[in-house]
Every structure is written in structure tokens, then in C-alpha cells.
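Secondary and tertiary structure notes
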Amino acid sequence: MTAEVLVEKKKLAKPPLEIHQLGDRVLRVPAKRIAKVDAEIKQLIREMLQTMYSADGIGLAAPQVGVNKQLVVVDCDPDDAAKPPLILINPTVTKASQEIVLNQEGCLSIPNVYLDVKRPTEIEVSYKDENGRPQRLAATGLLGCCIQHEIDHLNGVLFVDRVENALELNQELMKHGFSGKAVKPVS
């Protein structure tokens, strides 16, 4: 993590970006690849991190803040000031385990809704870092699930699209003021 994009891990009274919610069309548009990591992208990274920390999140994808770019920020340890967040530009899952795990997920774009989602237990992802350098990462556990969740956002997919229990899904969404019509199930 370079000093250029380093931000303090704290809540801001007024985060720089607005997080779009389930039902907003912007969340369903596949994101475009980033050709060059420039000052504008580094500023977006800073603002996304500030917004994520302010919302008590551990991951945020650019489409969630209305930016149609393949950019993801992840920090599964937001309370550890010494541990830098992970910046993934144009991330692609290159390998996924056959083994599946069921975990409860939530999303800053669907506040207070937590439901079970099946995902591969282990993935390998290739991406560019905040300096535009190619990287590879093997991820399991919370980090692996979080990266998969955020990459879904880059493809216009939300975690609720992967929930298999339709009754529980609709009850949870209604309880928190969201419409089940906004869900687009994936196979």
C-alpha cells in the first residue's frame, strides 16, 4: 500500500461517496476495465476506502458508489491500523476450489440484511495493485468470500442473487424495506 492512497481507518461524519442501494440500476451494470492507474484512480481508491470505513464495511466495489470501473477495496481487519487494505484493480478469479462453504454475508448496498451464500472455499485471483503492478493472491476464509462478493459487484451481481432460500430472502428484504423484485437469481 503506497502512501499516496493511504487513509486513516476511521469513520467520517460525511464520507466522500454515496453508497447506492438494492434497486439502483447502477449496481446492475457490468464495470469497465481500468486501462491506467493514474491520479484520478488513486483519488477514487482513497475516497472508496474512506467511504467503506465510514460505513463499517470490509469491502466496497466501485459500482456501489456509482463508478463503472473494475476497482475493489477490501479490509477484513479494519481495526488493525498497521495492516493495509487490499486494492484490486481489474480482478479476475483464475482458480476456484470445488469445495463449497456456506457463509452469512451482508452488503453495504443492502444494509442490515444478512443471509447464507454458497461460495468456493478457496480462490486464486489475479489483479493489478494501486501502482498498476500485476499481482496474484490465494485467498480463503473471510478474505476469499469478501473478494468473491466484491468481484460479483463488478459483474452486476449482488449477494442476494445467490441466496437459495427464496422465502427467507423475501422476508429479510421486506423487513428492511427492500423489494424482492430487485433480486436477479444466478444459477
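In short, a report on the structure.

A closer look at the overall build of the protein chain
A count of helical and extended segments in the protein chain gives 3 helices and 7 strands. Secondary structure elements of the protein chain occur, N-terminal to C-terminal, as α-β-β-β-β-β-β-β-α-α. Over its C-alpha atoms the protein chain spans a radius of gyration of 16 Å, differing by no more than 12% from the 16 Å that the globule rule assigns to 187 residues. Each of the three principal axes of the protein chain carries a C-alpha extent, and together these read 45 × 40 × 30 Å. Across the 187 residues in the protein chain, those meeting the buried criterion constitute 45%. Here the contacts in the protein chain between residues at least 6 apart in sequence split such that 67% fall between residues at least 24 apart. Total accessible area computed for the protein chain in this model is approximately 9700 Å², and 49% of it derives from carbon and sulfur atoms. Here the protein chain carries 23 positive and 25 negative side-chain charges, and the mean point of each set is 6 Å from the other.

Notes on helix α3 (residues 166-175)
Among the residues of α3, L169, E172 and L173 are the ones counted as buried. One side of α3 holds all its buried residues, which, seen down the axis, span an arc of 100°. Summarising the geometry of α3, the exposed residues directed more than 90 degrees from the buried face are L167, Q171, M174 and K175. Taken together, the buried residues of α3 touch β5 (110-120). With a side-chain oxygen positioned 3.3 Å from the backbone nitrogen of L167, the residue opening α3 is N165. G177 sits one or two positions beyond α3 and adopts a positive phi of about 80°.

Regarding the nonpolar core
Formed by 19 residues in total, the largest nonpolar core has its most connected members in I45, M48, L49, L71 and V73. For this core, the secondary structure elements donating two or more residues are α1 (39-54), β2 (71-74) and β3 (86-96). Looking at which element gives the most residues to this core, the answer is α1, with 7 residues. The next biggest cluster of nonpolar side chains, apart from the first, holds 16 residues, and it includes L22, L158, L169 and L173.

Some details on the pairing of strand β4 (residues 100-107)
Where β4 and β5 come together, 7 bridges link them in antiparallel fashion. Considered in β5, the bridge of E105 is made with L115. A loop of 2 residues connects β4 with β5, the two strands running antiparallel in sequence.

Notes on the layout of surface pockets
Approximately 430 Å³ is the volume attributed to the largest pocket. Lining of the largest pocket is provided by 19 residues; of these, I58, E105, G106, C107 and Y114 occupy positions nearest its centre. Listed by contribution, the elements that provide at least two residues to the lining of the largest pocket are β4, β5 and α2 (141-154).

Examining the pairing of β2
With burial as the criterion, each face of β2 is covered, one bearing L71 and V73 and the other bearing V72 and V74. One ladder, built from 4 bridges, connects β2 with β3; its direction is antiparallel. In the sheet register, V72 faces β3, and the bridge partner there is L88.

Topic: α2
Its 14 residues place the ends of α2 21 Å apart at the C-alpha level, agreeing with the 20 Å of an ideal helix rising 1.5 Å per residue. Most of α2 sits inside the fold, with 11 of its 14 residues counted as buried. Along α2, the residues that are buried comprise G144, C145, C146, I147, Q148, H149, E150, I151, D152, H153 and L154. Within two residues after α2, G156 carries a phi angle of roughly 75°, on the positive side.

Reading the values: the criteria
- Residues numbered from 1 in each chain as written.
- Predicted model: local features only at pLDDT ≥ 70, side-chain atom pairs only at ≥ 80, totals over all residues.
- Heavy atoms only, no water.
- Helix = DSSP H or I, 4+ residues; strand = E, 2+ residues; numbered from the N terminus.
- Rg over C-alpha atoms; globule rule 2.2 N^0.38 Å.
- Buried < 20%, exposed > 50% of the residue type's maximum accessible area, 1.4 Å probe, protein only.
- Contact = heavy atoms within 4.5 Å.
- Areas by Shrake-Rupley, 256 points an atom, 1.4 Å probe, with all protein chains shown as cover.
- Lys, Arg positive; Asp, Glu negative; His and termini not counted.
- Charge placed at Lys NZ, Arg CZ, Asp CG, Glu CD.
- Arc of directions from axis to C-beta.
- Polar contact = N/O pair within 3.5 Å; in protein donor to acceptor, adjacent residues only side chain to side chain.
- Core = buried A, V, L, I, M, F, W, Y, C linked by side-chain atoms within 4.5 Å.
- Pairing = 2+ DSSP bridges.
- 1 Å grid on protein atoms, 1.4 Å probe; cavity = no way out; pocket = protein on both sides within 12 Å on 5 of 7 lines; lining within 4 Å.
- Points joined across faces, edges and corners; volume = space filled by probe spheres on them.
- Expected span 1.5 Å × (residues − 1).

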